[in-house]
Amino acid sequence: TMLVGAGLSWTAAEKTTITLAASQDFDTSANAESVRSLGVTLGGRHALTEKISLNASLGYQQSDLDEVGTTVSREDDAYLFGLGASYRFTDNVS
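In this text, all values refer to a predicted model and were calculated from it rather than measured experimentally.

## Comments concerning the sheet that holds strand 2 (residues 16-28)
Taken together, 5 strands build an open sheet; the order of strands is 1-2-3-4-5 and the sheet is antiparallel. Either end of the sheet is taken by a strand with one partner, and the two such strands are strand 1 (2-13) and strand 5 (73-87). Pairs of neighbouring strands in the sheet enclose a mean axial angle of 10 degrees, with direction left out of account. Pairing of strand 3 (residues 33-47) with strand 4 (residues 52-67), which is carried by 15 bridges, proceeds in the antiparallel orientation. Bridging across to strand 4, Glu-33 finds its partner in Glu-67.

## Some thoughts on a nonpolar patch on the surface
A cluster of nonpolar side chains, Leu-48, Ile-52, Leu-54, Tyr-87 and Phe-89, forms an exposed patch at the surface whose accessible area comes to about 480 Å². Counting through the fold element by element, Leu-54 comes out in strand 4. Judged by relative accessible area, Leu-54 falls into the partly exposed class, the value being 39%.

## Focus on the confidence of the model for the protein chain
On average, residues of the protein chain carry a pLDDT of 89, and 95% of them reach 70 or more. The element-level mean pLDDT for the protein chain is lowest in strand 1, coming to 92, with strand 5 highest at 94.

## Digging into the packing of aromatic side chains
If you walk through the whole model with that rule in mind, you get 2 aromatic pairs. When the centroid spacing of 5.2 Å and the interplanar angle of 45 degrees are considered together, the rings of Tyr-60 and Tyr-79 count as tilted. Remark: Tyr-79 occurs in strand 5 and Tyr-60 occurs in strand 4; sequence separation between them is 19 residues. Its relative accessible area of 67% is what places Tyr-79 among the exposed residues. Considering the side-chain rings of Tyr-87 and Phe-89, the 5.2 Å spacing of their centres and the 80 degrees angle between planes classify their relative orientation as edge-to-face. Judged by relative accessible area, which is 42%, Tyr-87 ranks as partly exposed.

## Examining the pattern of salt bridges
A full pass over the atoms with the stated rule returns 2 salt bridges. Asp-64 is the salt-bridge partner of Arg-36, the closest N and O atoms lying 2.5 Å from each other. Of the two residues, Arg-36 sits in strand 3 while Asp-64 sits in strand 4, which places them 28 residues apart along the sequence. The exposure class of Arg-36 is partly exposed, given its relative accessible area of 28%. Accessibility expressed as a relative area gives 15% for Asp-64, which makes it buried. Two residues, Arg-74 and Asp-76, come together in a salt bridge whose shortest N-O distance is 2.8 Å. A relative accessible area of 47% places Arg-74 in the partly exposed class.

Cut-off values and rules
- Residues numbered from 1 in each chain as written.
- Predicted model: local features only at pLDDT ≥ 70, side-chain atom pairs only at ≥ 80, totals over all residues.
- Heavy atoms only, no water.
- Pairing = 2+ DSSP bridges.
- Helix = DSSP H or I, 4+ residues; strand = E, 2+ residues; numbered from the N terminus.
- Axes fitted to C-alpha atoms, helices over the stretch in contact; angles between N-to-C directions.
- Patch = residues over 30% accessible without salt bridge, like charges linked within 9 Å, V, L, I, M, F, W, Y side chains within 5 Å.
- Areas by Shrake-Rupley, 256 points an atom, 1.4 Å probe, with all protein chains shown as cover.
- Salt bridge = Lys/Arg side-chain N within 4 Å of Asp/Glu carboxyl O.
- Buried < 20%, exposed > 50% of the residue type's maximum accessible area, 1.4 Å probe, protein only.
- pLDDT = per-residue confidence, 0-100.
- Phe/Tyr/Trp six-rings, centres within 6.5 Å; stacked < 30°, edge-to-face > 60°.

See the structure below:
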C-alpha cells in the first residue's frame, strides 16, 4: 500500500474553518486486483457556541481496479456527502 495525501485548511472567520483534502492510494486487493484510488474532499466546520459545532463535507472518489494477469478492469465512482454536529463536554474531552 502506498498512500499520498495533502490538505489545506483556511480559517474563513473566527468560528468557521474550510478544508480541502486530496489523496491517491495504490494497493492490491485480496482477489489479486491492482487498485488505484483518487479522492478529493471539501469540508467546513462552524462553531455555534464554545461547545457546539456543525460540519459538512462533499467528496468524490474514483477507484480503478485491474485484475492481475487479465484484461479485466473496472472503474468505480463514488460521490460522498456528510453532515454532523459535535458537542464538547468539558475543555479536556470532546
